[in-house]
Amino acid sequence: MSSMTPPMTAAPVASQTSPLVMRVIGACALAHLINDLIQAVLPSIYPMLKANYGLSFTQVGLITLTFQLTASLLQPWVGYHTDRHPKPWLLPAGMVCTLIGILLLAFVGSFPAILVASGLVGIGSSTFHPETSRVARLASGGRYGLAQSTFQVGGNAGTALGPLLAAAIIIPYGQGHVAWFGLFAVFAIGVLYALSRWYRTHLNLFKLKQGGQATHGLSKARVTFALVVLAMLVFSKYFYMSSFTSYFTFYLIEKFDLSVASSQLYLFLFLGSVAAGTFFGGPIGDKIGRKKVIWFSILGAAPFTLALPYVDLFWTSVLSVIIGFILASAFSAIVVFAQELVPGNVGMIAGVFFGLMFGFGGIGAALLGHLADSHGIEYVYSLCSYLPLLGILTILLPSTKGV
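Owing to the predicted nature of the structure, the values given are computational and were not obtained by experimental measurement.

### Description of the overall build of the chain
Part 1: Within the chain one finds 16 helices and zero strands.
Part 2: The C-alpha atoms of the chain give 20 Å as radius of gyration, which agrees with the globular expectation for 403 residues (22 Å, within 12%).
Part 3: Structurally, the chain occupies a C-alpha span of about 60 × 45 × 35 Å along its principal axes.
Part 4: Residues classed as buried in the chain amount to 57% of the 403 residues present.
Part 5: Relative to all contacts within the chain whose residues are 6 or more apart in sequence, the contacts with residues 24 or more apart total 85%.

Below is the structure:
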């Protein structure tokens, strides 16, 4: 990839989507697919770990919390530091950490060791997301929504494929077969090494250290307030999403008496709809404005989330697909909106919002696990159904040119 000719910042529209630029973005998306596929193995084997080690729902939530917090706490710092001091080598280095974590997960024999393995996978994620998100943006030719959504949809596709592969490779044969996913990590290390070479040879073309000048005309206080509103929207979105990623299989097994393998297929449908929603959300935001996409995505899911706890299995599957598609369409718009509010801090903003995504998801998983132990898994879905109503906060976002 180091032989690619760089996209010029003043390039005409025709060259902004040239194969060379999209090749870099596509490689970022592929690496994201593998990264999140590996991460999706963890919640996919929760029922097996719960049975093997006699875990409570609270302990299952703590596994997610450990992974999510290590993934979230480091990301803003990594992004802030590399905005000013780019570190291309972090791209493959983060995946090496993920590889160690997934191999450890295959062979551990205790709950504390599972937490250590989860933490290592989280640390790998914390270096991967801000750096690779920046590379995708640098190769975007100005089409930031397209680049962000393409990058993000790779991750969503990996998250969707993870449960299917876990059902085929791990569930029938046992925990040791988690090690096979290390092969994906080895391949991703190669992809990320190639990306790091492209990144290194093109650093001189991008004013990473100086950053850009804000053109939205908003005061610092107004920008800070807008970022807080965006963070609240991410909270409502990912707190609700964590109820699916961590507990949807348990919900289906308990309420509809499904097998573990069958419940994974329904989870795949949900995660597949998340990938589709993410893919369409970014380019639509480029065309009609990000604020409109955010309005539709979070508040628009509310009628369906409110109905979900009261329907049969068929309608549960239908509504879960609709909810996944609508909710997922906002994340690319939220990240690009925030990056345009604070130009020159692309990595830090990506780190903050990916960090919030993981952090809220982890806290949600731990809290919802405790609620599932004390009140039952169905109560969790009744309670969470109201979260998308927080989408009304979108009215507080400023209207700025281009967003």
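### Looking at unusual backbone geometry
Part 1: Even without being a glycine, aspartate 257 presents a positive backbone phi close to 60°.
Part 2: Here aspartate 257 shows up in the loop between helix 9 (220-256) and helix 10 (260-288).

### What to know about the state of the cysteines
Part 1: Tallied over the entire structure, the rule returns zero disulfides.
Part 2: The closest cysteine sulfur to the non-disulfide-bonded cysteine 28 is located on cysteine 97, 20 Å from its own sulfur.

### Quick look at the nonpolar core
A general trend in soluble globular proteins is that nonpolar side chains are found buried together.
Part 1: By size, the foremost hydrophobic cluster in this structure holds 109 residues, and its most contacted members are Leu230, Tyr247, Ile294, Ile334 and Tyr381.
Part 2: Ignoring sequence-local partners within four residues, the contact set of tyrosine 381 consists of Ser243, Phe244, Tyr247, Phe248, Tyr251, Leu308 and Pro309.

### Some remarks on a nonpolar patch on the surface
Part 1: On the surface, Phe279, Phe280, Ile284, Ile288 and Phe325 cluster together into a nonpolar patch covering about 440 Å² of accessible area.
Part 2: Sorting elements by how many residues they give to the nonpolar patch places helix 10 first, with four residues.
Part 3: Within the secondary structure, phenylalanine 279 sits in helix 10.

### What to know about the pattern of salt bridges
Side chains that differ in sign of charge can pair as their charged atoms come close.
Part 1: Applying the stated criterion to the full structure yields two salt bridges.
Part 2: Here glutamate 131 makes a salt bridge to arginine 134, at a shortest N to O gap of 2.2 Å. Residue glutamate 131 and its partner arginine 134 are both found in helix 6 (residues 111-138); the two are separated by three residues, about one turn of the helix.
Part 3: Look at arginine 134 and you get buried, because its relative accessible area is 1%.
Part 4: Here glutamate 340 and arginine 290 are joined by a salt bridge, their closest N and O atoms 3.2 Å apart. With glutamate 340 in helix 14 (residues 331-341) and arginine 290 in helix 11 (residues 290-299), the pair connects residues that are 50 residues apart, well separated along the chain.

### Some points on the packing of aromatic side chains
Part 1: Inspection of every chain in the model, using the stated rule, returns 18 aromatic pairs.
Part 2: Judged by centre distance (5.6 Å) and plane angle (50°), the rings of tyrosine 240 and phenylalanine 244 are tilted. One end of the pair is tyrosine 240 and the other is phenylalanine 244, both in helix 9 and four residues apart, which spans about a single turn.
Part 3: For tyrosine 240, a relative accessible area of 1% corresponds to the buried category.
Part 4: Through a chain of ring-to-ring contacts, three or more aromatic side chains come together here, namely Tyr240, Phe244, Phe248, Tyr251, Phe256, Phe270 and Tyr381.
Part 5: Positioned over the ring face of phenylalanine 57 is lysine 50, at 4.6 Å from the centre of the ring.
Part 6: Directly above the aromatic system of tyrosine 144 lies the positively charged group of arginine 137, at a separation of 3.7 Å from the ring centroid.

Cut-off values and rules
- Sequence order as written defines the numbering, with residues in each chain counted from 1.
- Given that this is a predicted model, residues contribute local features only at a pLDDT of at least 70 and side-chain atom pairs are listed and counted only at 80 or more, while totals for whole chains, interfaces and linings are drawn from all residues.
- Values shown for side chains rest on all heavy atoms present in the structure; no hydrogens or waters enter the calculation.
- Helical segments are the DSSP runs of H or I of at least four residues, strand segments are the runs of E of at least two, and each set is numbered from the N terminus.
- Atoms considered for the radius of gyration are the C-alpha atoms alone. The globule rule reads 2.2 Å times the number of residues to the power 0.38.
- Working definition: with a 1.4 Å probe on protein chains only, accessible area under 20% of the residue-type maximum means buried, over 50% means exposed, and in between means partly exposed.
- In what follows, residue pairs with any heavy atoms lying within 4.5 Å of each other are defined as contacts.
- The disulfide criterion is simple: two cysteine sulfur atoms within 2.5 Å.
- Buried Ala, Val, Leu, Ile, Met, Phe, Trp, Tyr and Cys residues form a nonpolar core when they are joined through side-chain atoms within 4.5 Å.
- Candidate patch residues must exceed 30% relative accessible area and have no salt bridge, after which like charges are joined if within 9 Å and Val, Leu, Ile, Met, Phe, Trp or Tyr side chains if within 5 Å.
- Here the Shrake-Rupley method, with its probe set to 1.4 Å, supplies the accessible areas, and only the displayed protein chains count as covering residues.
- For this analysis, a salt bridge means a side-chain nitrogen from Lys or Arg found within 4 Å of a carboxyl oxygen belonging to Asp or Glu.
- Geometry of aromatic contacts follows a simple scheme: Phe, Tyr and Trp rings, the Trp one being its six-membered ring, pair when their centres are within 6.5 Å, and the pair is stacked under 30 degrees between planes, edge-to-face over 60, tilted otherwise.
- Think of it as a cone above the ring: NZ of Lys or CZ of Arg counts as a charge over the ring if it is within 6 Å of the ring centre and within 35 degrees of the ring normal.

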